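Below, each chain spelled out in residue letters.
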Amino acid sequence: MKPLPVIVIAAMLPLASCVELATSLAMVADDMSFADGSYYDDQSNSQPLTGSCPGNWEYGRVNNQTYQRVTNNADTRADYVLTYNTGYTVEVSLAPGETSAFFYMSGSIIPEEVDVRC
């Protein structure tokens, strides 16, 4: 085995942010657990978003993956920052009445909060 791939990986680690590294490591740990037969129960949650940017946040877990999506019920465009327990974020901007796509992650990377600006 040539040492070059190990050197390349070691050189790239400082370039990765802590959030991305933590998220990637959680995915690897999940893959190893799933290979050993671990399984998360499916669940579904919905939480209204109140205030000046009303909407709805749906999140849960299905088939060993977490998911989340948001709906904009405001009269104006709204920007959402969806945060996971690893610190990883997804940003989405929605017109009035729009619903985002589903965002999926590995089973232990849990949707944690939504920050809304309109």
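Here, every reference points to the structure presented above.
Caption draft 1: Representation of the overall build of the protein. Helix and strand counts for the protein come out as two helices and seven strands. Burial status across the protein gives 31% buried among its 118 residues. For the protein, long-range pairs separated by at least 24 residues make up 52% of all intrachain contacts whose partners lie at least 6 apart in sequence. As displayed, the protein has an accessible area near 7300 Å², and 57% of this comes from carbon and sulfur atoms.

Caption draft 2: Spatial organisation of the packing of aromatic side chains. Scanning all chains against the criterion turns up five aromatic pairs. Considering the side-chain rings of tyrosine 67 and phenylalanine 102, the 5.7 Å spacing of their centres and the 75 degrees angle between planes classify their relative orientation as edge-to-face. Remark: phenylalanine 102 occurs in the loop between β5 (89-94) and β6 (103-106) and tyrosine 67 occurs in strand β3 (residues 65-72); sequence separation between them is 35 residues. Put simply, the rings of Tyr67, Phe102 and Tyr104 touch in pairs and so form one group of aromatic residues. Looking at arginine 61, its charged tip hangs above the ring of tyrosine 40, at a distance of 4.1 Å from the centre.

Caption draft 3: Molecular detail of the sheet that holds β3. If you walk across this open sheet you meet the four strands as β1-β2-β3-β6, and the pairing is antiparallel. Among the strands making up the open sheet, the edge pair consists of β1 (43-49) and β6. Within this sheet the neighbouring strands show an average axis-to-axis angle of 15 degrees, counted without direction.

Caption draft 4: Up close: the pairing of strand β4 (residues 78-84). Buried residues dominate β4, accounting for six of its seven residues. Sheet topology note: the β4/β5 ladder contains six bridges and is antiparallel. Bridging from a neighbouring strand, threonine 83 pairs with threonine 89 of β5. Relative to strand β7 (residues 111-117), β4 runs antiparallel, the two being bridged by six bridges. Bridge pairing in β7 links valine 81 to aspartate 115.

Caption draft 5: Quick peek at the pattern of salt bridges. Under the counting rule described, the total for this entry stands at two salt bridges. The closest approach of N and O atoms between arginine 69 and glutamate 58, which form a salt bridge, is 3.0 Å. Of this pair, arginine 69 sits in strand β3 while glutamate 58 sits in strand β2 (residues 55-62), and the two are eleven residues apart along the sequence. Arginine 117 is the salt-bridge partner of aspartate 115, the closest N and O atoms lying 2.9 Å from each other.

Caption draft 6: Fine view of the sheet that holds β5. The strand order β5-β4-β7 describes an open sheet built from three strands, whose pairing is antiparallel. Either end of the sheet is taken by a strand with one partner, and the two such strands are β5 and β7. Strand-to-strand, the axes of this sheet are offset by a mean angle of 20 degrees, without reference to chain direction.

What counts and how
Residues numbered from 1 in each chain as written. Predicted model: local features only at pLDDT ≥ 70, side-chain atom pairs only at ≥ 80, totals over all residues. Heavy atoms only, no water. Helix = DSSP H or I, 4+ residues; strand = E, 2+ residues; numbered from the N terminus. Buried < 20%, exposed > 50% of the residue type's maximum accessible area, 1.4 Å probe, protein only. Contact = heavy atoms within 4.5 Å. Areas by Shrake-Rupley, 256 points an atom, 1.4 Å probe, with all protein chains shown as cover. Phe/Tyr/Trp six-rings, centres within 6.5 Å; stacked < 30°, edge-to-face > 60°. Lys NZ or Arg CZ within 6 Å of the ring centre and 35° of its normal. Pairing = 2+ DSSP bridges. Axes fitted to C-alpha atoms, helices over the stretch in contact; angles between N-to-C directions. Salt bridge = Lys/Arg side-chain N within 4 Å of Asp/Glu carboxyl O.

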